[in-house]
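# Residue-level structural notes
Chain by chain, the residues:
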Amino acid sequence: MSNQVTVYSTNTCPYCTMMKNFLEQNHVPYTEVNVQRDPVAANRLVQATGQMGVPQTNVNGQWVLGFDPNRVAELMNK
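Time to look at helix α1 (residues 14-25). With twelve residues, α1 ought to run about 16 Å at 1.5 Å a step, and its terminal C-alpha atoms sit 16 Å apart, in line with that. Those residues of α1 that fall on the buried side of the exposure criterion are Cys-16, Met-19, Lys-20, Phe-22 and Leu-23. Seen along its axis, α1 keeps its buried residues to an arc of 155 degrees; they face one direction. Away from the buried face of α1 by more than 90 degrees, exposed residues Pro-14 and Gln-25 are located. Turning to α1, the residues buried within the fold contact β1 (5-9), β2 (31-34), β3 (56-59) and α3 (69-75). Remark: His-27 follows α1 within two positions and exhibits a positive phi of approximately 55 degrees.

See below:
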């Protein structure tokens, strides 16, 4: 069963890089949305989560704020 994973990030966020590296090391395909380059996506993100911070990772419809690999792993379909 495949996971739907989307990472919302910016160019300068070290935790975004850590999250993407974590997903890549665990062979988890993901979509990246750069909210620095896409203000419309940034607005949608704030409306969906109430948060401005990044990374925000959507795993199968559940939001994970910040670099929290344990929570991401919990939400993934094993």
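The residue Ser-9 is located in strand β1 in this model. Other than its neighbours up to four places away in sequence, Ser-9 contacts Cys-16, Lys-20, Glu-32, Val-33, Asn-34, Val-35, Gln-36 and Val-54.

Turning our attention to the state of the cysteines. Enumeration according to the criterion identifies one disulfide in this entry. With its sulfur 2.4 Å from that of its partner, Cys-13 forms a disulfide with Cys-16. Judged by the sign of its S-S torsion, about 90 degrees, the cystine formed by Cys-13 and Cys-16 is right-handed. Like Cys-13, the residue Cys-16 is buried in the burial classification.

Our focus in this paragraph is the packing of aromatic side chains. Tallied over the full model, the rule gives one aromatic pair. Judged by centre distance (5.5 Å) and plane angle (45 degrees), the rings of Tyr-8 and Trp-63 are tilted. Pair noted here: Tyr-8 is in strand β1 and Trp-63 is in strand β4 (residues 62-65), with a separation of 55 residues, a long-range link. Residue classification places Tyr-8 among the buried residues on the basis of a relative accessible area of 15%. Taking relative accessible area as the criterion, Trp-63 reaches 32% and is therefore assigned partly exposed.

Taken as a whole and judged by the stated rule, the model has two salt bridges. Across the pair Glu-32 and Lys-20 runs a salt bridge whose closest N-O atoms are separated by 2.8 Å. With Glu-32 in strand β2 and Lys-20 in helix α1, the pair connects residues that are twelve residues apart, well separated along the chain. When the shortest N-O distance is used, the salt bridge between Arg-71 and Glu-74 registers 2.9 Å. Here Glu-74 and Arg-71 lie together in helix α3, a separation of three residues that amounts to about one turn. Among the residues examined, Arg-71 registers a relative accessible area of 31% and is labelled partly exposed. Residue classification places Glu-74 among the exposed positions, given a relative accessible area of 57%.

Thresholds, definitions, all that
Residues numbered from 1 in each chain as written. Predicted model: local features only at pLDDT ≥ 70, side-chain atom pairs only at ≥ 80, totals over all residues. Heavy atoms only, no water. Helix = DSSP H or I, 4+ residues; strand = E, 2+ residues; numbered from the N terminus. Expected span 1.5 Å × (residues − 1). Buried < 20%, exposed > 50% of the residue type's maximum accessible area, 1.4 Å probe, protein only. Arc of directions from axis to C-beta. Contact = heavy atoms within 4.5 Å. Disulfide = S-S within 2.5 Å. Phe/Tyr/Trp six-rings, centres within 6.5 Å; stacked < 30°, edge-to-face > 60°. Salt bridge = Lys/Arg side-chain N within 4 Å of Asp/Glu carboxyl O.

Without other data, these values stay purely geometric and don't point to any function.
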